[in-house]
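# Results of the structural survey
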Amino acid sequence: MIHSPYVRKPVSVQRTMGLVLVALLPGIAAYVWKIGAGVLLNLAIATVVAVLAEALMLRLRRRPVRVAVTDLSAVVTAWLVTLCFPPIVPWWLTVAAVLIAIVAVKHLYGGLGQNPFNPAMVAYCTMIVAFPALMSQWPPAGQLPFDAQLALILGGARELDGITGATALDALRTGLRAGVGPVDAVREGTAFGLLGGRGWEWIALGYILGGLFLLAARIITWHMPAAFIATLGGVSALFWLLDPAQFASPLFHLASGGAMLAAFFIVTDPVSGATTPRGKLLFAAGIALIAWLIRNFGAYPEGIAFAVLLMNMCVPLLDMKTQPPVFGHRNGTPGGDGR
C-alpha cells in the first residue's frame, strides 16, 4: 500500500506546453483536411515570429533567453492565434497579431505567468477591430486549393466573390437580420453542414479529442470545459425550444466557430483564468453566456474572444469570493463564528 504524504512529480512548463501542442494536432489535421493546408504556413510563420519576439523581449529584460524560449509557451500562443484566424489572412497580419500577443500582452505585463489577459484573445480582438474585412474572409470548405491559399497568404490579389464565403455563424446572423426567414431557411446555404458550419463539425471533434487527452494527462481540470459547454448548450437549448425559428440549436452553437477550441484550449488558460474550483465554473460559464449573447445580438458573429477578455477582468473578484475555507477557520476567523 502507498501511504501519505503523497508527492506528485514536478511538471515543467515545457512538458505542459508540449502536451498542449500535441493535443492541438487532431484539430489541426481536421482543419487541413476540411479547410485547406494554408493554415500550416501561417502556423509556421507565427511560430518563428513568436520565438524570435520572445527571445528579443527576454534579452531586453535581461532574463535568461535559452530556457524561456525553449519552454514552448510562445509556440502555444502562436498556434492559438493562428487557429483563431482565417487560414488565408496575409502573412503580415499574422506577424502583427503574434507580436501583440507576445510583446504587448505577455512581456509588458511581466512575462510568463504575469499577464492578466489571454494573449491570443487580445490579438484576435485587436485584429478583428482593426482589419474586419481581412478577418472575415474564410474560404469555403474544400473549395480553395493550397496554391491559391499560399498566394493569398503571401500577398496575392483577393477576388472576394471567388475565394471566400460566409461562415455559418455569420450567414445565420445576417440571414435572420435580413428577414430571409426562419433558421431552417437560412441553413439552406452552402456554409452549413450537418450540425454546424460545413466541415467544422470534424474540426470541433478534433479539438474535443485533444481536450480529452489534456484531461487524461491532468493538464487541465474538468471544471472549465464542462461549465463552458453546459452553459453554451443550455442557454442555446432554452431559447431554441422557446423560438426555434429565430434561435439556432445547441448542437449548432457547439459545433460551429471556435466553441470547442475555446472550451479546451482558451478558456482553460491557467494564467489569465480563475484558479479556484468554483471560480473556474463561474469564469467559464460567464464566457459561454456572453459569447452566446454576442453571437445572437451583437455586431460580430463570434463573441468568444470578447467574452474571454471581459471575464479576465473578473478573475481577481472571482478568486477572492470563491476561496475555499482554510482548515480550522470558520468565516475568516480561526475557530470563530464570524461575529
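Residues numbered from 1 in each chain as written. Predicted model: local features only at pLDDT ≥ 70, side-chain atom pairs only at ≥ 80, totals over all residues. Heavy atoms only, no water.

### Examining the environment of Leu-25
Take Leu-25: it is sitting in helix H1 (residues 13–34). In this structure the C-alpha to C-alpha distance between Leu-25 and Gly-210, which are 185 residues apart in sequence, comes to 7.4 Å. (Helix = DSSP H or I, 4+ residues; strand = E, 2+ residues; numbered from the N terminus.)

### Structural notes on the environment of Ile-100
One can find Ile-100 in helix H5 (residues 91–107). Taking the C-alpha atoms as reference points, Ile-100 and Met-127, 27 residues apart in sequence, are found 9.7 Å from one another. If sequence neighbours within four positions are ignored, Ile-100 has contacts with Val-105, Val-122, Ala-123, Thr-126 and Met-127. (Contact = heavy atoms within 4.5 Å.)

### Quick look at helix H7 (residues 146–153)
Those residues of H7 lying buried are Gln-149, Leu-152 and Ile-153. Down the axis, H7 shows its buried residues gathered within 100 degrees of arc, on one side only. At the C-terminal side of H7, Gly-155 shows a positive phi close to 110 degrees. (Buried < 20%, exposed > 50% of the residue type's maximum accessible area, 1.4 Å probe, protein only. Arc of directions from axis to C-beta.)

### Regarding the packing of helix H2 (residues 38–60) against H7
At a minimum axis distance of 8 Å, the contact between H2 and H7 shows a crossing angle of 35 degrees. Side by side, H2 and H7 meet where Gly-38, Val-39, Leu-41, Asn-42 and Ile-45 of the first sit next to Phe-146, Gln-149, Leu-150 and Ile-153 of the second. Partitioned by chemical class, the residues of the contact of H2 with H7 number six nonpolar, three polar and no charged. (Axes fitted to C-alpha atoms, helices over the stretch in contact; angles between N-to-C directions. Nonpolar A, V, L, I, M, F, W, Y, C, P; charged D, E, K, R; others polar.)

### Quick notes on the nonpolar core
Judged by nonpolar contacts, the single largest core of 85 residues is most densely connected at Phe-85, Phe-228 and Phe-265. Top contributing element to this core by residue count: helix H4 (residues 73–84), with nine residues. Those residues within four positions of Phe-265 in sequence are excluded, and the remaining contacts are Val-20, Ala-23, Leu-24, Leu-80, Tyr-207, Gly-210, Gly-211, Leu-214 and Met-260. (Core = buried A, V, L, I, M, F, W, Y, C linked by side-chain atoms within 4.5 Å.)

### Some words on the packing of aromatic side chains
Inspection of the entire model under this criterion finds 12 aromatic pairs. Ring plane angle 65 degrees and centroid distance 5.4 Å describe the contact between Trp-33 and Trp-202, whose orientation is recorded as edge-to-face. Highlighted residues: Trp-33 in helix H1 and Trp-202 in helix H11 (residues 200–216), separated in sequence by 169 residues. Since its relative accessible area comes to 55%, Trp-33 is described here as exposed. (Phe/Tyr/Trp six-rings, centres within 6.5 Å; stacked < 30°, edge-to-face > 60°.)

### Describing the pattern of salt bridges
Here the structure, examined in full by the defined rule, presents two salt bridges. Two residues, Glu-54 and Lys-106, come together in a salt bridge whose shortest N-O distance is 2.9 Å. One end of the pair, Glu-54, is in helix H2; the other, Lys-106, is in helix H5, with 52 residues separating them in the sequence. Across the salt bridge formed by Arg-295 and Glu-302, the nearest N and O atoms sit 2.9 Å from each other. The class for Arg-295 is buried, based on a relative accessible area of 5%. (Salt bridge = Lys/Arg side-chain N within 4 Å of Asp/Glu carboxyl O.)

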